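Chain and residue survey
Here is what each chain is made of, one letter per residue.
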Amino acid sequence: MKKLLFAATVLSAAAIGPGFAQLDLSQPPVGKEAGTFMIRARAIGVLPENNSSSISIIGGHVSATNQAAPELDFSYFFTDHIAAELIAASTRHNISATGTSVGNVDVGSAWILPPTLTLQYHFLPHSRFSPYVGAGVTVAFWYATNPANPPVTHFTVGNNVGAALQAGVDYNFSGHWFANFDIKQIFLNADAHIDALGTTVKAHTALDPLVIGAGIGYRF
C-alpha cells in the first residue's frame, strides 16, 4: 500500500505540477459548454476489495494486489451540465489464494483492461470549481495471464461487465487547463480457472475495485 500511494503521489505531482506553475486567477474561468470535449491524463490507484471470495476443492480467499498506473480519459459535453466520459487504462495485478487447505498459493499475475463509460452531471459547469457525479458501466478484459511457479501450471480469468459510480471535481486554473480529482467505485466480479496438481480449481471473487485518480485536463 505504501508503494502504491507513493507512486500515485509522484505521478500526480508530475501531472499537476506544471499546470499549477501557470496558475492565473486574474482571468475568468473558461468553464464547460455543450458541444465541447475534454481530454485528461491522470495517475490512478486501483484498489481491489476482493469481496465474497470462493474457491472450489481447497477453499480459501482470492486476493488481487493494488496497483498504480497512468490513465487517459475523454469527455464529450452534450449540454453544459451533461457529459459522457470514457476512460482507458490497463493494470497488472498479482493474484493469490490465501487460507486454503494447502496453505497460501501464489497463482500468478494478469493484466486487466477495463474501459469504463459513465454519464456525468456537472453541477457548476461555468465556475472555476466544477464538481460532478456519474454512473455507468465497466467492461473488463483480462489478458497476459502468467502463472506462478508450480503447483500452478495455467490459469485464466473470464471477462466480465459491472456497474460504476463516480464523483469528482475539475478546477479551471488557467485558460482551457483543468486540474482534476476523481474517484470511482466499480462493482466487478471475476471468475478464474486454475490448473494445479493435476486438477482444475474454480475461483470467484467480487473484485469491486476503488479507483482513485488525480491529474490534468484540457477542454477543447
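This report concerns the structure included in the present document.

Conventions adopted
Residues numbered from 1 in each chain as written. Predicted model: local features only at pLDDT ≥ 70, side-chain atom pairs only at ≥ 80, totals over all residues. Heavy atoms only, no water. Helix = DSSP H or I, 4+ residues; strand = E, 2+ residues; numbered from the N terminus. Contact = heavy atoms within 4.5 Å. Areas by Shrake-Rupley, 256 points an atom, 1.4 Å probe, with all protein chains shown as cover. Salt bridge = Lys/Arg side-chain N within 4 Å of Asp/Glu carboxyl O. Buried < 20%, exposed > 50% of the residue type's maximum accessible area, 1.4 Å probe, protein only. Core = buried A, V, L, I, M, F, W, Y, C linked by side-chain atoms within 4.5 Å. Phe/Tyr/Trp six-rings, centres within 6.5 Å; stacked < 30°, edge-to-face > 60°. Pairing = 2+ DSSP bridges. Polar contact = N/O pair within 3.5 Å; in protein donor to acceptor, adjacent residues only side chain to side chain. Axes fitted to C-alpha atoms, helices over the stretch in contact; angles between N-to-C directions.

Focus: the overall build of the chain
Of the regular secondary structure elements, the chain holds 1 helix and 15 strands. Restricting the contact set of the chain to residue pairs at least 6 apart, pairs at least 24 apart contribute 70%. Within the structure as shown, the chain displays about 10,400 Å² of accessible surface, and the carbon and sulfur contribution to it stands at 67%.

Looking at the pattern of salt bridges
For the structure shown, the criterion picks out 10 salt bridges. Residue aspartate 170 is joined to arginine 40 by a salt bridge in which the shortest nitrogen-to-oxygen separation is 3.0 Å. Note that aspartate 170 is positioned in strand β11 (residues 160-174) and arginine 40 in strand β1 (residues 37-47), a separation of 130 residues in sequence. Here aspartate 170 matches arginine 40 in class, with each residue buried. Close ionic contact of aspartate 182 with arginine 42 constitutes a salt bridge, the shortest N to O distance being 3.6 Å. A residue pair is termed long-range when its members are at least 10 positions apart, and aspartate 182 in strand β12 (residues 177-187) and arginine 42 in strand β1 qualify at 140 residues. Of the residues examined, arginine 42 reaches a relative accessible area of 4% and is grouped as buried.

Some remarks on the nonpolar core
By size, the foremost hydrophobic cluster in this structure holds 29 residues, and its most contacted members are Ile95, Trp142, Phe155, Val157 and Ile194. Setting aside residues up to four positions removed in sequence, isoleucine 95 forms contacts with Val62, Ser63, Asp106, Val107, Gly108, Ala110, Phe155 and Val157.

Quick notes on the packing of aromatic side chains
Considering all chains together, one arrives at 6 aromatic pairs under this definition. Relative to phenylalanine 123, the ring of tyrosine 121 has its centre 5.2 Å away and its plane inclined at 75 degrees; by these criteria the two rings are edge-to-face. Exposure remark for tyrosine 121: the relative accessible area of 34% places this residue in the partly exposed category. On the basis of an interplanar angle of 70 degrees and a centroid distance of 4.8 Å, the ring pair of tyrosine 218 and phenylalanine 220 is categorised as edge-to-face.

Focus: the pairing of strand β9 (residues 129-147)
For strand β7 (residues 103-113) and β9, the ladder comprises 5 bridges, and the chain directions are antiparallel. Opposite tryptophan 111, over in β9, you have tyrosine 143 as the bridge partner. Across 7 bridges, the pairing between strand β8 (residues 116-122) and β9 is antiparallel. Looking across to β9, one finds that tyrosine 121 is bridged to valine 133. Connecting β8 to the antiparallel partner β9 that follows it, the hairpin turn spans 6 residues.

Re the side chain of arginine 40
A relative accessible area of 1% means that arginine 40 is categorised as buried. A polar contact of 2.8 Å, which involves the side chain of arginine 40, links it to the side chain of aspartate 73. Among the polar contacts made by the side chain of arginine 40, one reaches the side chain of aspartate 170 at a distance of 3.0 Å. Those residues within four positions of arginine 40 in sequence are excluded, and the remaining contacts are Glu71, Leu72, Asp73, Ser75, Glu85, His122, Tyr132, Asp170, Asn180, Ile216 and Gly217.

A look at the sheet that holds strand β13 (residues 189-196)
The strand order β2-β14-β13-β10 describes an open sheet built from 4 strands, whose pairing is antiparallel. Looking at the sheet topology across the chains shown, the edges are occupied by β2 (51-55) and β10 (152-157). With strand direction ignored, the average angle separating the axes of adjacent strands in the sheet is 15 degrees. Where β10 and β13 come together, 5 bridges link them in antiparallel fashion. Paired with threonine 156 across the two strands is histidine 193, which belongs to β13.

A few points about the environment of isoleucine 194
Mapped onto the fold, isoleucine 194 is located in strand β13. With residues near it in sequence (within four places) discarded, isoleucine 194 still touches Val107, Val152, His154, Phe155, Thr199, Thr200, Val201 and Ala203.

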